[in-house]
Amino acid sequence: MALATKRLLSIGILTILTVLMLSRPLMGQALPELKPQPLPASLAQVAVGDDYADRLQTTPVGALLWTQFPVSVRIDLADSTDARAKVWQEAVTQAISDWSGLIELTQTTAAADITIRRASLPLRRLADGKLAPVRFADTRFEFYNQDGRLRHRMVITLSPTQADRSLLSGARHELGHALGIWGHSDRPTDVMYSSQVAQPPQISDRDRATLRKVYTQSTRLGGSFPKMP
Ligand SMILES: [Zn+2]
C-alpha cells in the first residue's frame, strides 16, 4: 500500500486543534505490514473499561503507537528567558509525569520521539478569507525511515501566551495525542475532550482504557519496509 498524497485533516474544535500530516519522503513507497505489537506492561495493568477508541481517527499506518521504549521527549523552550517560560516548562514537565505511568517516557535534550515546542501558532485564514480562531496548541506527526524501519516522530506546539491554568491541561491533552490517542473524547471529564473546560480533568479511567486499546491495535510503525524485488 502506498501513502496517498499529502492530506490535511483537522480534528477538534475551539482552542485545541490537531493536524494529521503525511510526510512527503514516504509517499509512493510500499509500507511495512500491519501488525499487532506486544502490549507494554504498564498498559497491561490498566483495567479494560469504557473507552472512546471508536471515535479515534484511522491513519494509513494503522494505530499511531510507539513500539520502542522509553519514548524520548524533548522540551524546546526556544531560548526563551522570560519569567513565564519557567511556568510553561513546569506545566509541560508535570504533563510528562502524568502520562509516564502509562507509557515509559524519558526526557532528553537531543533529538527526540516527541518534541514539545514553546511557540505561537501562526494565524490561519478560513476558506471565506476570515481569520480562523486563535489556536494555542497543536500536535503533528511525520514519518521517517530508520535503518529500513518505519518510524514516526511527534511535534507538539504549545503557545507561550496560553493562560497559566490552561497550560497543564493543554500539555496533557496534546501529549495524549502524541502517545497515540489520535482523536477526541465526547466527555468533558476526559483529558482528551475536544475543548478546554473550566475545570480541567486529570487523566481519567476512560483516557487510560482508550490508550490501552490503542496499543492493542495493529500498526505498520516499527515494521520493516518490504525489500524491492
Ligand atoms: Zn486535541
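Residues numbered from 1 in each chain as written. Predicted model: local features only at pLDDT ≥ 70, side-chain atom pairs only at ≥ 80, totals over all residues. Heavy atoms only, no water.

## Quick word on the overall build of the chain
A count of helices and strands for the chain gives four helices and seven strands. Secondary structure of the chain in N-to-C order comes out as β-β-α-β-α-β-β-β-β-α-α. Carbon together with sulfur atoms contributes 52% to the accessible area of the chain, which is approximately 11400 Å² in total. (Helix = DSSP H or I, 4+ residues; strand = E, 2+ residues; numbered from the N terminus. Areas by Shrake-Rupley, 256 points an atom, 1.4 Å probe, with all protein chains shown as cover.)

## A word on the side chain of Asp-207
With respect to the helices, strands and loops of the structure, Asp-207 is situated in helix H4 (residues 205–214). One buried charge, Asp-207, has no salt-bridge partner; the nearest side chain with opposite charge is Arg-206, at 6.7 Å. Here Met-192 takes part through its backbone nitrogen, which lies 3.5 Å from a polar atom of the side chain of Asp-207. Within the local environment of Asp-207, its side chain forms a polar contact with the backbone nitrogen of Ser-204, the two atoms lying 2.9 Å apart. (Buried < 20%, exposed > 50% of the residue type's maximum accessible area, 1.4 Å probe, protein only. Lys, Arg positive; Asp, Glu negative; His and termini not counted. Salt bridge = Lys/Arg side-chain N within 4 Å of Asp/Glu carboxyl O. Polar contact = N/O pair within 3.5 Å; in protein donor to acceptor, adjacent residues only side chain to side chain.)

## Concerning the pattern of salt bridges
Any two side chains of opposite charge can pair if their charged atoms end up close together. Within the structure shown, the criterion is met by 13 salt bridges. In this structure, Asp-186 and Arg-206 form a salt bridge, with 2.9 Å as the shortest nitrogen-oxygen distance. Of this pair, Asp-186 sits in the loop between helix H3 (164–179) and H4 while Arg-206 sits in helix H4; the two residues are 20 residues apart in sequence, bridging distant segments of the chain. Residue Asp-186 is classed as partly exposed on the basis of its relative accessible area of 41%.

## A short note on a nonpolar patch on the surface
On the surface, Leu-123, Leu-131 and Val-134 cluster together to form a nonpolar patch covering roughly 290 Å² of accessible area. Tracing the chain through its elements places Leu-131 in the loop between strand E5 (114–118) and strand E6 (137–146). Leu-131 sits in the partly exposed class, given a relative accessible area of 47%. (Patch = residues over 30% accessible without salt bridge, like charges linked within 9 Å, V, L, I, M, F, W, Y side chains within 5 Å.)

## A look at unusual backbone geometry
Each neighbour pair has its own omega, and for Phe-69 with Pro-70 the value is 0°, a cis peptide bond. By the element assignment, Pro-70 lies in the loop between helix H1 (41–44) and strand E3 (71–76).

## Some details on the sheet that holds E3
The strands that make up a sheet pair up through hydrogen bonds in the backbone, lying either parallel or antiparallel. What the five strands build is an open sheet, ordered E4-E3-E5-E7-E6; its pairing is mixed. Looking along the sheet, the strands with just one partner apiece sit at the ends: strand E4 (105–107) and E6. With strand direction ignored, the average angle separating the axes of adjacent strands in the sheet is 25°. One ladder, built from four bridges, connects E3 with E5; its direction is parallel. Within E5, the position partnered with Ile-75 by the bridge is Ile-116. On top of the sheet, H3 reaches E4, E5, E6 and strand E7 (149–158); it is set at about 165° to E7, its chief contact. (Pairing = 2+ DSSP bridges. Axes fitted to C-alpha atoms, helices over the stretch in contact; angles between N-to-C directions. Contact = heavy atoms within 4.5 Å.)

## Thoughts on the coordination of the zinc ion
Listed as protein donors to the zinc ion are His-173 (NE2), His-177 (NE2) and His-184 (NE2); their distances from the metal cover 2.0 to 2.1 Å. Counting the intervening residues between successive donors of the zinc ion yields the motif H-x3-H-x6-H. Like His-177, the residue His-184 is buried in the burial classification. (Donors = N, O, S within 2.8 Å, 3.2 Å for Na, K, Ca; no water.)

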